[in-house]
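Architecture and fold: a report
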Amino acid sequence: MPEAVIVDAVRTPIGKRNGSLADVHPADLSAYVLRALQQRTGIDPDVIDDVVWGCVNQVGDQAAQIGRYAVLAAGWPETVPGVTINRACGSSQSSFDFAAGMVMSGQYDVVVAGGVEAMTRVPLGAGRDLGRPFGPLVRERYEADLTSGEFPNEDFNQGIGAERIAKKWGFSRQRLDEYSSRSHELAAAAIDAGAFDGQLVRIPGKDDFTADEGLRRGTTAEKLAKLKPSFREDGVIHAGNASQISDGASATLITTPEKAKELGLTPIARYHSGAVSGADPLMMLTGPIPATQKVLRKSGLSISDIGAFEVNEAFAPVPLAWQAELGAEDKVLNPLGGAIAVGHPLGASGTILMTRLLHHMRDKSIRYGLQTMCEGGGTANATIVELL
């Protein structure tokens, strides 16, 4: 079976809601990372077999196959195809996994995988607002829970899921807020150290937009304690220990070692193992636990073999519950901060985290890195990459 290697990974700085990227169409935002990938690698777009693009809210400006329009907006040949993937928050991580799988199957030689989400222009839940996303059979299966009065509008709800996780694992409001302030502290340190400089794409006309703009320096658990709970009056989840609503795009270039050599490209890492798993759709956000266990079994590696983890910070209880079950050390868990500090542009976040992970592994000579992402509906991806 052919191997899949990652040649490069790029991303935009993450824009806060109504921030620097608010006036940029998501197709154009996608085009900027595609162009940057082309310029950095020197690749001829004609050799790209497919562009696999993640996007969650595929309505409005992100409707009608945003992956295809990204290619056209980039000015690439009309012969280059594109496809759009939706696995909720893990959409571009699935794009990455699917692209690697197609290369390893021998069907593709060169693939771009990435994603976009312009949450200012296409608000969170825009697709759900058009109708109920599950029918009578799903409702019947979870009727007792949905009608218990716990779930707003008798619908699956990530915030309530996060509250359930905090209760099950015994995380206090103080513990969640301490973790959240850590996210800001680590993100600030990474930005100040230039950890992201080599991966960021400049946006035309946005010369001052050079860093993730959701960061709130000086955030402390004491400051976060003043915020009101968002989902329950006596709850522990609030805006400060949840991921931020954001705009952004990211892209990776995947090929075989042989094709990379033929094209004069030097890969960063190889795709080692990938897995996807399902979990309780009501608690919803615990999927990274079984997904990580599954990918470790497939890979033959242990948790101690992994030198860096990117566990998406959808809500503070998510990485904390994952850590409690898997036993990873603090120093290797989200060492650059995470979505609580800098934001979570849904469809782009998978390859944003992968971009951060790959560059961090190269900078710190870390052999193995693992990325995992909780997703709406109770699924999760987990991916292991190996530095070359």
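Refer to the preceding data block for the structure.
These remarks concern the structure in this document. (Residues numbered from 1 in each chain as written. Predicted model: local features only at pLDDT ≥ 70, side-chain atom pairs only at ≥ 80, totals over all residues. Heavy atoms only, no water.)

Moving on: the overall build of the protein. Of the regular secondary structure elements, the protein holds 13 helices and ten strands. For the protein, whose C-alpha radius of gyration is 20 Å, the value lies close to the compact-globule estimate of 21 Å for 388 residues. With the C-alpha coordinates of the protein rotated into their principal frame, the extents come out at 60 × 45 × 45 Å. Residues classed as buried in the protein amount to 60% of the 388 residues present. Counting contacts in the protein only where the partners sit at least 6 residues apart, residues at least 24 apart contribute 79% of the total. Working note: accessible area of the protein is about 15200 Å², and carbon and sulfur atoms make up 48% of it. Positive and negative side-chain charges in the protein, numbering 37 and 46 respectively, have mean positions lying 3 Å apart. (Helix = DSSP H or I, 4+ residues; strand = E, 2+ residues; numbered from the N terminus. Rg over C-alpha atoms; globule rule 2.2 N^0.38 Å. Buried < 20%, exposed > 50% of the residue type's maximum accessible area, 1.4 Å probe, protein only. Contact = heavy atoms within 4.5 Å. Areas by Shrake-Rupley, 256 points an atom, 1.4 Å probe, with all protein chains shown as cover. Lys, Arg positive; Asp, Glu negative; His and termini not counted. Charge placed at Lys NZ, Arg CZ, Asp CG, Glu CD.)

The residue Ala64 is not glycine, and still its phi comes out positive at about 60°. Along the polypeptide, Ala64 turns up in the loop between strand 3 (50–54) and helix 2 (66–73). Classification of Ala64 as exposed rests on a relative accessible area of 52%. Phi at Asn153 takes a positive value of approximately 60°, unusual for a residue other than glycine. Examined against the element boundaries, Asn153 turns out to sit in the loop between helix 5 (143–146) and helix 6 (158–169). The exposure class of Asn153 is exposed, given its relative accessible area of 69%.

Bringing the packing of helix 7 (residues 173–192) against helix 11 (residues 317–326) into the picture now. Where helix 7 meets helix 11, the closest approach of the two axes is 10 Å, and the angle between their N-to-C directions is 100°. For the element pair helix 7 / helix 11, the angle class is roughly perpendicular. Within the contact between the two elements, helix 7 uses Arg175, Leu176 and Tyr179 and helix 11 uses Pro317, Pro319 and Leu320. Of the residues belonging to the contact of helix 7 with helix 11, the class tally is five nonpolar, no polar and one charged. (Axes fitted to C-alpha atoms, helices over the stretch in contact; angles between N-to-C directions. Parallel < 35°, antiparallel > 145°, perpendicular 65-115°, else oblique. Nonpolar A, V, L, I, M, F, W, Y, C, P; charged D, E, K, R; others polar.)

So, on to the packing of aromatic side chains. Each pair of aromatic rings is reported with the distance of its centres and the angle of its planes. Enumeration over the complete set of coordinates arrives at five aromatic pairs. Each residue in the set Phe134, Tyr142 and Phe156 is aromatic and connected to the rest through ring pairs, giving one cluster. Above the ring of Phe196, the side-chain terminus of Arg11 is found at 4.9 Å from the ring centroid. (Phe/Tyr/Trp six-rings, centres within 6.5 Å; stacked < 30°, edge-to-face > 60°. Lys NZ or Arg CZ within 6 Å of the ring centre and 35° of its normal.)

What follows deals with the side chain of Ser299. Mapped onto the secondary structure, Ser299 falls in helix 10 (residues 288–299). One polar contact links the side chain of Ser299 to the main-chain carbonyl oxygen of Leu296, over a distance of 3.0 Å. What Ser299 contacts, discounting residues up to four positions off in sequence, is His272, Ser273 and Ile384. (Polar contact = N/O pair within 3.5 Å; in protein donor to acceptor, adjacent residues only side chain to side chain.)

Before going further, it helps to examine the pattern of salt bridges. Within this structure, the stated rule accounts for 17 salt bridges. The partner of Arg270 in a salt bridge is Glu3, with the nearest N and O atoms 3.7 Å apart. Note that Arg270 is positioned in strand 7 (residues 269–278) and Glu3 in the segment before strand 1 (5–11), a separation of 267 residues in sequence. Using a relative accessible area of 37% as the deciding quantity, one classes Glu3 as partly exposed. The partner of Glu150 in a salt bridge is Arg164, and the shortest N-O contact between them spans 2.7 Å. Here the residue Glu150 occupies a position in the loop between helix 5 and helix 6, and Arg164 occupies one in helix 6, the gap between them amounting to 14 residues. For Glu150, a relative accessible area of 22% puts it in the partly exposed group. A residue is classified by how much of its surface remains accessible, and Arg164, at 18% relative accessible area, is buried. Through salt bridges with shared partners, a single ionic network connects Glu3, Arg270, Arg367 and Glu386. (Salt bridge = Lys/Arg side-chain N within 4 Å of Asp/Glu carboxyl O.)

With that out of the way, let us pick up the nonpolar core. Leu176, Leu285, Ile306, Phe309, Phe315, Trp322 and Ile384 are the most contacted members of the largest nonpolar core, which totals 47 residues. Contributing elements (two or more residues each) for this core: helix 6, helix 7, helix 10, strand 8 (308–311), helix 11, strand 9 (368–375) and strand 10 (379–387). Not counting the four nearest positions on each side in its chain, Ile384 is found in contact with Arg270, Tyr271, His272, Ser273, Val295, Leu296, Ser299, Leu301, Ile306, Tyr368, Gly369 and Leu370. In terms of nonpolar packing, the next biggest core, distinct from the first, is built from 34 residues, Leu21, Cys55, Val112 and Phe209 among them. (Core = buried A, V, L, I, M, F, W, Y, C linked by side-chain atoms within 4.5 Å.)

Burial within strand 9 is extensive, with eight of its eight residues counted as buried. Covered by surrounding structure in strand 9 are Tyr368, Leu370, Thr372 and Cys374 together with Gly369, Gln371, Met373 and Glu375, the residues of both alternating faces. Examined bridge by bridge, strand 8 and strand 9 share four bridges and lie parallel to one another. Across the sheet, Ala308 pairs through a bridge with Gly369, a residue of strand 9. Relative to strand 10, strand 9 runs antiparallel, the two being bridged by eight bridges. Its bridge partner lying in strand 10, Tyr368 is registered against Glu386. What sits between strand 9 and strand 10 in their antiparallel hairpin is a turn of three residues, with Gly377 showing a positive phi close to 90°. (Pairing = 2+ DSSP bridges.)

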